[in-house]
Every structure is written in structure tokens, then in C-alpha cells.
Amino acid sequence: DAIFPIEEMSNSIDLFHKWFDIYPLLLFPVAVFDHGKHNGLYRNPPKDKMLKGKDYAMYFNLGAYGVPAPVHQKKEWDAKKNCIEMEDYLRKCGGYQLLYTDLFHTRQEFRQMFDHTLYDRMREKYNCIGAFPEIYDKVKPEKGLLEDEKTD
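A brief structural summary. Only a predicted model underlies this, so the values are computations on that prediction, with no experimental measurement involved. (Residues numbered from 1 in each chain as written. Predicted model: local features only at pLDDT ≥ 70, side-chain atom pairs only at ≥ 80, totals over all residues. Heavy atoms only, no water.)

**Looking at helix α1 (residues 9–19)**
Along α1, the positions that sit buried rather than exposed are S12, L15, F16 and W19. Looking down the long axis of α1, one finds its buried residues gathered within 105° of arc, a one-sided arrangement. Along α1, the residues that are exposed and aim more than 90 degrees away from the buried face are S10, D14 and K18. On its buried side, α1 packs onto β1 (2–5), β2 (25–33), β3 (56–64) and α3 (79–93). (Buried < 20%, exposed > 50% of the residue type's maximum accessible area, 1.4 Å probe, protein only. Helix = DSSP H or I, 4+ residues; strand = E, 2+ residues; numbered from the N terminus. Arc of directions from axis to C-beta. Contact = heavy atoms within 4.5 Å.)

This is the structure we're talking about:
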């Protein structure tokens, strides 16, 4: 599952076909609101993407569930490569990965995708640093998955 800006719908579906080749796809609308200085991990949408007269921009959730067609066909399919390509595209187009999915981001890439401003401020204010793990430490790739290409 990933959340993309609405203008990326056609390209995202084409890329999901290339990366995952799984059908049917789950697709539904998502409004990402501008919460001003009180936004959470989702960044406020760019002003030029906001709907006229509204305090939000339209995004959409795109999910692929199941086994990719190449795997069914007993062909080679590189899950890590395809997921990393999807994450790179998400960061470039201003989208978000849902945190219950497998992640391959480095810590730096994760912080590029999500706005940690308020999160970091609250961790410091309530003395959480060192007492509780950061979000990334809860969702990061399993040990051994990225060491050959990326570092934390």
C-alpha cells in the first residue's frame, strides 16, 4: 500500500504493473489535509496541489496483494529491487508508504518521505529519546536485507 498524489494515478498504475504484476489492485481516494504547523508525519500538501477553496489535496491509495505473475510463472522476480524502485518513485512524487508494509528505506530516505519535525520535538519535550525507539527502528528492514547496497 502506498499513497500517491492524484495526478500520478496513470503512471503509478503502469509502474505497479511493471513492478508487481498483481491484480486486482486496490485503489481508493485519500484526502491529505493542510494542518499548518500542526501536521504529523504526512507533510502538508503543496499549495498548488490543494483543491480550490479546500484545505486538502487529493491523493489515492494503491495496493497490490498476492503473488506477482512472474512468481506464478516460475520466472525470476526481485522483490527487493522492485520495492526499492517503488519507494524511490514515492519519494520523488511526494507520496507516502504505509507503515504496515515491508520497507526498504534507509533512515535518511525514511526521514525524506515523512516529516519528523513535530515528532522530534515531542520526543525531546517528553524525554523519549533513548527511552523509546524511533518509528524507523520499529519498521526498518530486517537485519541483513540492505547491507549490500544501502546503509542506515
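**Some thoughts on the side chain of R91**
Of note, R91 is situated in helix α3. In this structure the side chain of R91 is engaged in a polar contact, spanning 2.9 Å, whose partner is the side chain of H105. In contact with R91, other than residues within four places in its own chain, are H105, E109, Q112 and M113. (Polar contact = N/O pair within 3.5 Å; in protein donor to acceptor, adjacent residues only side chain to side chain.)

**Some details on the packing of aromatic side chains**
For the structure shown, the criterion picks out 14 aromatic pairs. Ring centres of F4 and F60 lie 5.5 Å apart, and the angle between their planes is 25°; this geometry places the pair in the stacked category. One end of the pair, F4, is in strand β1; the other, F60, is in strand β3, with 56 residues separating them in the sequence. The exposure classification of F4 matches that of F60, with both residues buried. Considering the side-chain rings of Y96 and F114, the 5.7 Å spacing of their centres and the 35° angle between planes classify their relative orientation as tilted. On the criterion of sequence distance, the pair formed by Y96 in strand β4 (residues 96–97) and F114 in the loop between α4 (107–113) and α5 (117–125) is long-range, its members being 18 residues apart. Judged by relative accessible area, F114 falls into the buried class, the value being 2%. (Phe/Tyr/Trp six-rings, centres within 6.5 Å; stacked < 30°, edge-to-face > 60°.)

**A look at the sheet that holds β3**
Neighbouring strands of a sheet are bound in pairs by backbone hydrogen bonds; such pairs are parallel or else antiparallel. Taken together, the four strands give an open sheet; going across it, the order is β2-β3-β1-β4, and neighbouring strands pair in antiparallel fashion. The sheet is open, and its two borders are formed by β2 and β4, each paired with just one other strand. As judged from the four bridges shared by β1 and β3, these two strands associate in the antiparallel manner. The partner of F4 across the bridge, within β3, is F60. Packed on one face of the sheet, α1 meets β1, β2 and β3 and runs near 15° to β3. Strands β1 and β4 of the sheet are contacted by α3, whose axis makes an angle of about 40° with β1. (Pairing = 2+ DSSP bridges. Axes fitted to C-alpha atoms, helices over the stretch in contact; angles between N-to-C directions.)

**Quick notes on the nonpolar core**
Nonpolar side chains tend to gather and get buried jointly when the protein is soluble and globular. Judged by nonpolar contacts, the single largest core of 31 residues is most densely connected at F4, F16, W19, F20, Y59, M86 and F110. When residues of this core are traced back to their parent elements, those giving at least two are β1, α1, β2, β3, α3, α4 and α6 (135–139). (Core = buried A, V, L, I, M, F, W, Y, C linked by side-chain atoms within 4.5 Å.)

**Some words on the environment of L25**
As for its position among the elements, L25 is in strand β2. C-alpha separation for the pair L25 and G66, spaced 41 residues apart in sequence, amounts to 9.8 Å. Not counting the four nearest positions on each side in its chain, L25 is found in contact with I13, F16, L62, G63 and A64.

**Brief notes about the environment of K54**
Counting through the fold element by element, K54 comes out in the loop between β2 and β3. By relative accessible area, which is 45% here, K54 ends up partly exposed. Measuring from C-alpha to C-alpha, the distance between K54 and D34 comes to 9.3 Å, with 20 residues separating the pair along the chain.

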